[in-house]
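A structural walkthrough
Below are the chains, spelled out letter by letter.
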Amino acid sequence: MSTASAATSARVKLSKDPGWDYGQPLPGDKNAVKCDFCKIVTKGGINRHKQHLVGGFKNVSLCSKVPKQVQEIIRKYMQQQDKSKNEKQRLKGINMGVENINVFESGSNADFSRDYGEETSPPPTTLASSTGNSHLKPKVKGPIDTMFPPNPSFTKMLAAVGKFGPDFKGPTYHESIDGSAHAKTATLCHRMMLDVIEEVGRESVIQIITDNASNFKAAGGWIQEDLNIYWTRCAAHCVNLMCEDISEIQKFAEVVLKCKTVTRYIYNHVNVLSMMRKYTNDPDLTRPASTRFSTSCLSMQSIHKVKTGLKMMMVSEEWTESAWAKSSEGNNVLGY
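Now for the overall build of the chain. Tallying secondary structure elements over the chain gives 16 helices and five strands in all. Expressed as a percentage of the 336 residues in the chain, the buried residues total 30%. Pairs at least 24 apart in sequence give 51% of the contacts found in the chain among residues at least 6 apart. Surface accessibility of the chain: about 22,200 Å² in total, with carbon and sulfur atoms responsible for 55%.

Quick look at the structure:
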């Protein structure tokens, strides 16, 4: 047991899975784990290694030197994982079968108000009939309004789900891994993704999506090659990288800088912001984010859409007689 203890104290765990306390990955083989006790190498990731420690599985032999207490720790963890997975499946089945729920039923609005931080309002007592009495009380804003605001895309999504039929199963969230304490190497990224795939079940995973950094590209390529799971680069990250390259062109960078200056000046002065909204019919300008270069394009687009209103504001008496028009910052913005 002392050998295993020394190994675990010196080793960085690749995930929260306790199986990594008693085995370590081989640098030359991404799916191979070497047992700390018997030194046997198992193929198939951390799940296969845990089966090796616990025993009773057809595809792997039992470790001949594993202590009983270690066996019990791993067995309890595997049982808990199976229990959690079964519970998720059970709850998913319940959610798929729920229909015709009245969110304004007595008491329900109060419960949701507690969960979502809204003020509790009494539910409406009367509803207009479809035949046409129209003394409607003002609509009470409930939890559904909070989660699903009016949006044409949301309506299209519901229509697509309805066409699929009653057997549709939506995406599920499984795990968030805190890797902030480790170097984001390709091997570590691959190991983390492989752990989640093993937990979910290889037969249930058909695609993984990562950003385009070199470590994720390497890890995604290994997953695709070894497990025949599709790996896809994140489209949003691709667009962001393209916008970053474009923003480094001098002429483009100069325009972006002017847009940032104009937007920053307007939003730093409450009265100027109010004036801008008055002359442009109350829109908001898109403000560029420092790490999202695509927002620079959106910022220029939003200013271009309201350029007529901005010009009218700059030549209006309200602006020319204001203190901002006489300031150096205001003159610089006017020059743009």
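All right, on to the nonpolar core then. Core analysis: the largest hydrophobic core is formed by 21 residues, its most contacted members being Ile266, Met276, Leu285, Leu310 and Trp319. Excluding its chain neighbours within four sequence positions, the residues that come into contact with isoleucine 266 are Val272, Leu273, Met276, Leu285 and Leu310. Counting residues in each nonpolar core, the second largest holds twelve residues, with Met193, Leu194, Val200 and Trp231 among its members.

Right, let's talk about the pattern of salt bridges for a bit. Going through the model one piece at a time under the given rule, you end up with four salt bridges. Among the salt bridges present, the one from glutamate 72 reaches arginine 75, with a minimum N-O distance of 3.3 Å. On the criterion of helical spacing, the pair formed by glutamate 72 and arginine 75 is a turn pair, its members being three residues apart in helix α3 (residues 68–97). Owing to a relative accessible area of 36%, glutamate 72 belongs among the partly exposed residues under this scheme. Residue classification places arginine 75 among the partly exposed positions, given a relative accessible area of 27%. Its salt-bridge partner being arginine 202, residue glutamate 198 comes within 2.6 Å of it at the nearest N-O pair. Here glutamate 198 falls in the buried class, since its relative accessible area comes to 13%. On the accessibility criterion, arginine 202 (36% relative accessible area) is partly exposed.

Bringing the pairing of strand β4 (residues 207–210) into the picture now. Only one face of β4 is buried, namely the one carrying Ile208 and Thr210, since none of Gln207 and Ile209 on the opposite face is buried. Note: β4 against strand β5 (residues 230–233), four bridges, orientation parallel. Opposite isoleucine 208, over in β5, you have tryptophan 231 as the bridge partner. Of the crossover connections in this fold, the one passing from β4 over helix α8 (residues 214–227) to the parallel β5 is right-handed.

Its identity is not glycine, yet lysine 39 carries a phi of approximately 70°, on the positive side. Following the sequence through the fold, lysine 39 ends up in the loop between β2 (29–35) and β3 (41–43). One non-glycine residue, asparagine 228, lies in the positive phi region at around 55°. With respect to the element layout, asparagine 228 can be found in the loop between α8 and β5.

A separate point is the packing of helix α10 (residues 250–267) against helix α12 (residues 294–305). Between α10 and α12, the least distance of the axes is 10 Å, while the angle of their chain directions is 65°. Judged by the angle between their axes, α10 and α12 are roughly perpendicular. α10 and α12 meet at a crossing whose hand is left-handed. For the pair α10 and α12, contact is made by Phe252, Val255, Val256, Cys259, Lys260 and Thr263 and by Ser296, Cys297, Ser299, Met300 and Ile303, respectively. Of the residues that constitute the contact of α10 with α12, the class distribution is seven nonpolar, three polar and one charged.

Taken as a whole, this structure holds zero disulfides when the rule is applied. With no disulfide of its own, cysteine 234 lies closest to cysteine 238 among cysteine sulfurs, the gap being 7.0 Å.

With that settled, consider a nonpolar patch on the surface. Residues Met157, Leu158 and Val161 make up a contiguous nonpolar surface patch of roughly 240 Å² in combined accessible area. Tracing the chain through its elements places leucine 158 in helix α6 (residues 152–164).

Turning our attention to the side chain of glutamine 71. Tracing the backbone through its elements, the reader meets glutamine 71 in helix α3. Taking the relative accessible area as the measure of exposure, glutamine 71 reaches 8% and is therefore buried. When near neighbours in sequence (up to four residues on either side) are disregarded, glutamine 71 contacts Leu53, Val54, Leu62 and Val66.

This part is about the packing of aromatic side chains. Enumeration over the complete set of coordinates arrives at one aromatic pair. Judged by centre distance (5.9 Å) and plane angle (25°), the ring pair of tyrosine 22 and phenylalanine 37 falls under stacked. Taken together, the residues span a long stretch of sequence, with tyrosine 22 in the loop between α1 (2–10) and β1 (23–26) and phenylalanine 37 in the loop between β2 and β3 at a distance of 15 residues. For tyrosine 22, a relative accessible area of 11% gives the class buried.

So, how was this worked out
Residues numbered from 1 in each chain as written. Predicted model: local features only at pLDDT ≥ 70, side-chain atom pairs only at ≥ 80, totals over all residues. Heavy atoms only, no water. Helix = DSSP H or I, 4+ residues; strand = E, 2+ residues; numbered from the N terminus. Buried < 20%, exposed > 50% of the residue type's maximum accessible area, 1.4 Å probe, protein only. Contact = heavy atoms within 4.5 Å. Areas by Shrake-Rupley, 256 points an atom, 1.4 Å probe, with all protein chains shown as cover. Core = buried A, V, L, I, M, F, W, Y, C linked by side-chain atoms within 4.5 Å. Salt bridge = Lys/Arg side-chain N within 4 Å of Asp/Glu carboxyl O. Pairing = 2+ DSSP bridges. Right-handed = clockwise from strand over helix to strand, strands pointing away. Axes fitted to C-alpha atoms, helices over the stretch in contact; angles between N-to-C directions. Parallel < 35°, antiparallel > 145°, perpendicular 65-115°, else oblique. Left-handed = near helix turned anticlockwise from the far one by under 90°. Nonpolar A, V, L, I, M, F, W, Y, C, P; charged D, E, K, R; others polar. Disulfide = S-S within 2.5 Å. Patch = residues over 30% accessible without salt bridge, like charges linked within 9 Å, V, L, I, M, F, W, Y side chains within 5 Å. Phe/Tyr/Trp six-rings, centres within 6.5 Å; stacked < 30°, edge-to-face > 60°.

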